Amino acid sequence: SAVISQKPSRDICQRGTSLTIQCQVDSQVTMMFWYRQQPGQSLTLIATANQGSEATYESGFVIDKFPISRPNLTFSTLTVSNMSPEDSSIYLCSVGLSVLNEQYFGPGTRLTVT
Amino acid sequence: GESVGLHLPTLSVQEGDNSIINCAYSNSASDYFIWYKQESGKGPQFIIDIRSNMDKRQGQRVTVLLNKTVKHLSLQIAATQPGDSAVYFCAEKRRDSSYKLIFGSGTRLLVRP
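Scope of this entry: the structure provided in the associated data block. Predicted model, so just to flag it, every value in this text is computed and none were measured.

Quick look at the interface of chain B and chain A now. With 25 residues of chain B at the interface, the matching set in chain A holds 25 residues. Taken together, the two surfaces of chain B and chain A that pack against each other cover about 1900 Å², and 54% of this comes from carbon and sulfur. Joining chain B to chain A, the criterion identifies 1 salt bridge. Taking the shortest distance from any N to any O, the salt bridge between Glu58(A) and Lys100(B) comes out at 2.6 Å. Our count for the contact surface shared by chain B and chain A stands at 6 residue pairs in polar contact (both at pLDDT 80 or more). No other element matches the 4 residues that strand 3 (residues 30-38) of chain B contributes to the side of chain B that touches chain A. Its residues placed into classes, the side of chain B that touches chain A shows 12 nonpolar, 7 polar and 6 charged.

This part covers the state of the cysteines. Residue and element names in this part refer to chain A. According to the stated counting rule, one finds 2 disulfides over all chains in the structure shown. Two residues share a disulfide in this structure: Cys 23 and Cys 93, whose sulfurs sit 1.9 Å from each other. The sign of the S-S torsion, about -65°, decides the handedness of the disulfide formed by Cys 23 and Cys 93: left-handed. Residue Cys 23 is located in strand 3 (residues 19-25), and its partner Cys 93 is located in strand 9 (residues 89-97); the two are separated by 70 residues in the primary sequence.

A word on the sheet that holds strand 1 (residues 4-7) of chain A. Residue and element names in this part refer to chain A. If you walk across this open sheet you meet the 4 strands as 1-3-8-7, and the pairing is antiparallel. At either margin of the open sheet sits one strand with a lone partner, and together these are strand 1 and strand 7 (68-72). Between one strand and the next, the sheet's axes are offset by a mean angle of 15°, whatever the strand orientation. With 3 bridges joining them, strand 7 and strand 8 (residues 75-80) adopt antiparallel strand pairing. Each residue of the ladder has a partner; that of Asn 72, found in strand 8, is Phe 75.

Time to look at the side chain of Ser81(A). Residue and element names in this part refer to chain A. Of note, Ser 81 is situated in the loop between strand 8 and strand 9. Note on Ser 81: relative accessible area 13%, which makes it buried. Once residues lying within four places of it in the same chain are set aside, the contact partners of Ser 81 are Thr 17, Ser 18, Asp 64, Lys 65 and Pro 67.

Attention now moves to unusual backbone geometry. In this structure, the amide linkage connecting Lys7(A) to the following residue, Pro8(A), adopts the cis form with an omega of -10°. By the secondary structure assignment, Pro8(A) is in the loop between strand 1 and strand 2 (10-13). Even without glycine at this site, Arg61(B) takes up a positive phi of about 70°. Tracing the chain through its elements places Arg61(B) in the loop between strand 5 (56-58) and strand 6 (62-67). Note on Arg61(B): relative accessible area 30%, which makes it partly exposed. Phi is positive for Lys71(B), which is not a glycine, with a value near 55°. Mapping Lys71(B) onto the fold places it in the loop between strand 6 and strand 7 (72-77). Given a relative accessible area of 27%, Lys71(B) falls into the partly exposed group.

Further remarks concern the sheet that holds strand 5 of chain B. All names here are of chain B. The strand order across the open sheet formed by 4 strands is 2-7-6-5, and the pairing between neighbours is antiparallel. The sheet terminates laterally at strand 2 (19-24) and strand 5, the two strands that pair on one side only. On average, each strand axis in the sheet is tilted by 15° relative to the strand beside it, whichever way the strands run. With 3 bridges connecting them, strand 5 and strand 6 associate as antiparallel partners. Bridge pairing in strand 6 links Arg 57 to Val 64.

All names here are of chain B. The computed volume of the largest pocket comes to approximately 210 Å³. Lining the largest pocket, in full, are Lys 37, Gln 45, Phe 46, Ile 47, Gly 59, Gln 60, Arg 61, Val 62, Leu 75, Ile 77, Asp 84 and Tyr 88. For the lining of the largest pocket, the elements supplying multiple residues, two or more each, are strand 4 (45-51) and strand 7. Per-element tally for the lining of the largest pocket: the top contributor is strand 4, with 3 residues. The residue makeup of the lining of the largest pocket, split by class, is 6 nonpolar, 3 polar and 3 charged.

Conventions and cut-offs
- Residue numbers run consecutively from 1 along every chain, following the written order of its sequence.
- Key to labels: chains lettered from A, ligands numbered from 1, both in the order written.
- Confidence filtering applies because this is a predicted model: local features only for residues at pLDDT of at least 70, side-chain atom pairs given and counted only at 80 or more, and all residues used for totals across whole chains, interfaces and linings.
- Here the side-chain values reflect all heavy atoms present in the structure, with hydrogen atoms and water set aside.
- In this analysis, two residues are considered to be in contact whenever any of their non-hydrogen atoms come within 4.5 Å of each other.
- The buried area of a pairing is the accessible area, by a 1.4 Å probe, that goes missing from both parts when the two are put together, added over both.
- The term salt bridge refers to a pairing of a side-chain nitrogen on Lys or Arg with a carboxyl oxygen on Asp or Glu at a separation within 4 Å.
- In protein, a polar contact means a hydrogen-donor-capable atom and an acceptor-capable atom, both N or O and within 3.5 Å, with residues adjacent in sequence counting only if both atoms are side-chain atoms; elsewhere, any N or O pair within 3.5 Å suffices.
- A run of H or I in DSSP becomes a helix once it reaches four residues, and a run of E becomes a strand once it reaches two; helices and strands are each numbered from the N terminus.
- In the scheme used here, Gly and all other residues not listed as nonpolar or charged are polar, with Ala, Val, Leu, Ile, Met, Phe, Trp, Tyr, Cys and Pro taken as nonpolar and Asp, Glu, Lys and Arg as charged.
- Cysteine sulfur atoms are paired as a disulfide whenever they come within 2.5 Å of each other.
- Strand pairing is assigned whenever DSSP detects at least two bridges linking the two strands.
- To obtain an axis, a line is fitted to C-alpha atoms, over the contacting stretch when the element is a helix, and the angle between two such axes runs from 0 to 180 degrees between their N-to-C directions.
- Residue burial is assigned from relative accessible area. The probe radius is 1.4 Å, only protein chains are included, and a residue is buried under 20% of its type maximum, exposed over 50%, and partly exposed in between.
- Grid points spaced at 1 Å and placed over the protein atoms alone form the basis of the search, with a cavity being a set where a 1.4 Å probe fits but cannot get out and a pocket an open set showing protein on both sides within 12 Å along at least five of seven lines. Lining residues have an atom within 4 Å of a point.
- Grid points are joined across faces, edges and corners, and a volume is the space filled by probe spheres set on the points.

Here it is as structure tokens:
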């Protein structure tokens with residue numbers, strides 16, 4: 001497995017502002033992912049963070065709203081831009097140990113937009 | 001901490017009993033499945049996985065059963081403990097995707113002392 005940390009753990013933000021969430025892994029990993037978990041819901045994949053190239057977004061998610069960076073094999077950021085109350089969710093980073101397809105999750109960032 | 005799964009189906013079991021959590025998956029082309037446990041205020045924790053070429057896999061106090069005929073997955077927890085109280089999610093990976101997991105809606109497990 002891998003040890004994954006996220007910053008911040010939670011935040012309360014005003015609408016119209018942006019928040020950048022950081023994800024740090026204790027070892028180099030091939031694949032990193034960002035998920036959203038809306039209140040009372042399951043997890044939905046936002047995008048795959050690709051090292052050295054643009055992220056791959058899932059249907060319904062766009063780069064302008066959720067820009068992602070991945071400068072190396074242990075770190076990634078997700079920005080939630082121009083926030084509205086509908087963006088209030090838990091945002092989760094996960095990493096893939098690609099050989100076995102296992103994915104491990106960070107503790108999540110709990111975002112509330114007022 | 002903040003709760004997740006406020007409107008999820010709930011399974012209530014007596015401490016010491018066995019628990020069975022069920023999941024119906026959607027795609028017959030799925031070839032890999034994972035069970036996750038999510039405690040309040042935490043990220044999902046990997047419990048056990050199984051590939052489509054298997055029917056059963058056992059871990060410590062947990063067993064996953066896969067019935068491909070009816071596209072059904074179950075997680076059995078032996079001698080359920082209070083620390084098992086959490087929301088449990090199944091996730092499937094489709095054969096045509098190298099990594100994308102699709103999560104089920106989740107089940108809340110409550111363990112009565």
